[in-house]
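Topology and contacts: notes
Below are the chains, spelled out letter by letter.
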Amino acid sequence: MSQTRTSAAGGMETSYGFREVDEGEKQGLVNDVFHGVARRYDIMNDVMSLGMHRAWKDAMVGALNPRKSSAYRVLDVAGGTGDIAFRIIEESRRLAHATILDINGSMLEVGRQRAAKRHLADKLTFVEANAEDLPFDDGSFDAYTIAFGIRNVPRIDAALREAARVLRRGGRFLCLEFSDVDLPLFEKAYEAWSFNAIPQFGRAITGDGEPYRYLVESIRKFPNQSDFAAMIAQAGLSRVKWTNYTGGVAALHSAWKL
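Residues numbered from 1 in each chain as written. Predicted model: local features only at pLDDT ≥ 70, side-chain atom pairs only at ≥ 80, totals over all residues. Heavy atoms only, no water.

Another aspect to go through is the pattern of salt bridges. Following the criterion strictly, the structure yields 12 salt bridges and no others. With a closest N to O distance of 3.6 Å, Glu109 and Arg112 form a salt bridge. A residue pair is termed a helical-turn pair when its members lie 3 or 4 positions apart in one helix, as Glu109 and Arg112 do in helix α5 (residues 105-117) at 3 residues. Classification of Arg112 by relative accessible area gives partly exposed; the value is 37%. The salt bridge partner of Arg161 is Asp157, with a shortest N-O separation of 3.6 Å. Of this pair, Arg161 and Asp157 are both found in helix α6 (residues 156-166), 4 residues apart, which corresponds to roughly one turn of the helix. (Salt bridge = Lys/Arg side-chain N within 4 Å of Asp/Glu carboxyl O. Helix = DSSP H or I, 4+ residues; strand = E, 2+ residues; numbered from the N terminus. Buried < 20%, exposed > 50% of the residue type's maximum accessible area, 1.4 Å probe, protein only.)

Have a look at this one:
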């Protein structure tokens, strides 16, 4: 399979890293990856980002600037372990309510345990469901967030349409994802690290480097910043823009439901 990025026209539906798989097969394969890494998810993110994911997530929540209100409702998709939702609740002075949705029950169980330790359980709802078919009414949320999860959704266009549907008028969409590095020399060093070192670290940490190989390859296949922005606009969201972090290693895409 080609190692080039997919475009706004699609292609991630049958892309399992650099492998081409049958339509409908990808979700099960991705589920197996995250069942395997759920207990070591924070370590996985530290390895993938050299620890920078923590600063990027803080910046994402800062950009959201959640209202300090008990009426504020946010949906965090593919957020099973709670990293983003916990930050949002704390930023709202523990007034807002977050619904954490994930298709993977193992990730959600880690999130529930972490929420209990932080005494946040009453501010959170955990839902096991598919981002492509959200079990919520139209206009249910003030904000929709997803961090490092959209590239693992087979039908990204369907997930984006669902995001637009469940947002209220004036609602905010924020997506943090690994992206296309825009500094040539840094890009070469980053790719060498990603394809050579990360799977080896994954094997040392978990005993299996293949999930990490998939995660690295999925980053390389994901649409670049402008193509992903076009997909967000095609889904019906407005004022789409993005901000690069660390030279484009990650990018925060934002939009509004108008």
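Below, the discussion takes up the sheet that holds strand β3 (residues 73-77). One open sheet accounts for 7 strands, arranged β5-β4-β3-β6-β7-β9-β8; its pairing is mixed. Single-partner strands in this sheet number two, and they are β5 (124-128) and β8 (238-245). The average undirected angle you get between the axes of adjacent strands in this sheet is 15 degrees. Judged from the 6 bridges that link them, strand β6 (residues 141-147) and strand β7 (residues 167-178) form a sheet pairing that is parallel. Bridge pairing in β7 places Phe141 opposite Leu167. The sheet strands contacting helix α4 (residues 83-91) are β3, β4 (97-102), β5 and β6, and the helix crosses β4 at an angle near 175 degrees. Strands in contact with helix α9 (residues 225-234) are β7, β8 and β9 (250-256); relative to β8, the strand with the most contacts, it is inclined by about 155 degrees. (Pairing = 2+ DSSP bridges. Axes fitted to C-alpha atoms, helices over the stretch in contact; angles between N-to-C directions. Contact = heavy atoms within 4.5 Å.)

For the rest of this paragraph, the subject is the environment of Ala230. Residue placement: Ala230 occurs in helix α9. Separated by 221 residues in the primary sequence, Ala230 and Ala9 place their C-alpha atoms 9.4 Å from one another.

A general trend in soluble globular proteins is that nonpolar side chains are found buried together. Core analysis: the largest hydrophobic core is formed by 32 residues, its most contacted members being Trp56, Met60, Leu124, Phe148, Leu176 and Phe178. When residues in this core are grouped by element, the largest group, 5 residues, is from α4. Judged by nonpolar contacts, the second largest core, of 31 residues, contains Ala8, Leu101, Val153 and Ala163. (Core = buried A, V, L, I, M, F, W, Y, C linked by side-chain atoms within 4.5 Å.)

Let's shift gears to the side chain of Asp83. Within the element layout of this structure, Asp83 appears in helix α4. Classification of Asp83 as buried rests on a relative accessible area of 9%. Here Arg114 takes part through its side chain, which lies 3.1 Å from a polar atom of the side chain of Asp83. (Polar contact = N/O pair within 3.5 Å; in protein donor to acceptor, adjacent residues only side chain to side chain.)

The next point concerns the packing of α6 against α9. Viewed as axis vectors pointing N to C, α6 and α9 meet at an angle of 50 degrees, and their least axial separation amounts to 8 Å. As summarised for this structure, α6 and α9 are arranged oblique, according to the angle between their axes. Between α6 and α9 the crossing geometry is right-handed. Each of Ile156, Asp157 and Leu160 in α6 lies in contact with α9, whose residues at this interface are Phe228, Met231 and Ile232. Along the lines of polarity and charge, the residues of the contact of α6 with α9 split into 5 nonpolar, no polar and 1 charged. (Parallel < 35°, antiparallel > 145°, perpendicular 65-115°, else oblique. Left-handed = near helix turned anticlockwise from the far one by under 90°. Nonpolar A, V, L, I, M, F, W, Y, C, P; charged D, E, K, R; others polar.)

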